[in-house]
Amino acid sequence: MRAKATRGDQLRRLLTRKSGASIAQIGKAFGWQPHTARAAISAQRKAGSVITRSDSAKGSVYRIVEEGSSQ
């Protein structure tokens, strides 16, 4: 039986998409407020992921560009 994906895993999947994810998209996917989405992105950084932020017409877009191995 397969274990249920954690929110961290689900967030990582959103951030590794070619198009990345905006704060609004993350908030909609999880039902989070913007400050919670930003905190979750920060937690991914602290876990070793390299995350970039770029500006678009719809706001900031975040992407994981490199997975760290600090576990």
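Residues numbered from 1 in each chain as written. Predicted model: local features only at pLDDT ≥ 70, side-chain atom pairs only at ≥ 80, totals over all residues. Heavy atoms only, no water.

Chemist: Which parts of the structure should I look at to understand the pairing of strand E2 (residues 50-56)?
Modeler: The side chains of a regular strand alternate, first on one face of the sheet and then on the other. Sheet topology note: the E2/strand E3 (residues 59-66) ladder contains seven bridges and is antiparallel. When the bridges of E3 are listed, Ser54 appears paired with Val61. Taking the residues between adjacent antiparallel strands as the criterion, E2 and E3 are bridged by two residues. (Pairing = 2+ DSSP bridges. Helix = DSSP H or I, 4+ residues; strand = E, 2+ residues; numbered from the N terminus.)

Chemist: Would you take a moment to explain the pattern of salt bridges for this structure?
Modeler: Pairs can form between side chains of opposite charge once their charged atoms are near each other. Taken as a whole and judged by the stated rule, the model has two salt bridges. Asp9 is the partner of Arg12 in a salt bridge, and the nearest nitrogen-oxygen pair spans 2.8 Å. One end of the pair, Arg12, and the other, Asp9, are both in helix H1 (residues 7-15), three residues apart, so they sit about a helical turn from each other. (Salt bridge = Lys/Arg side-chain N within 4 Å of Asp/Glu carboxyl O.)

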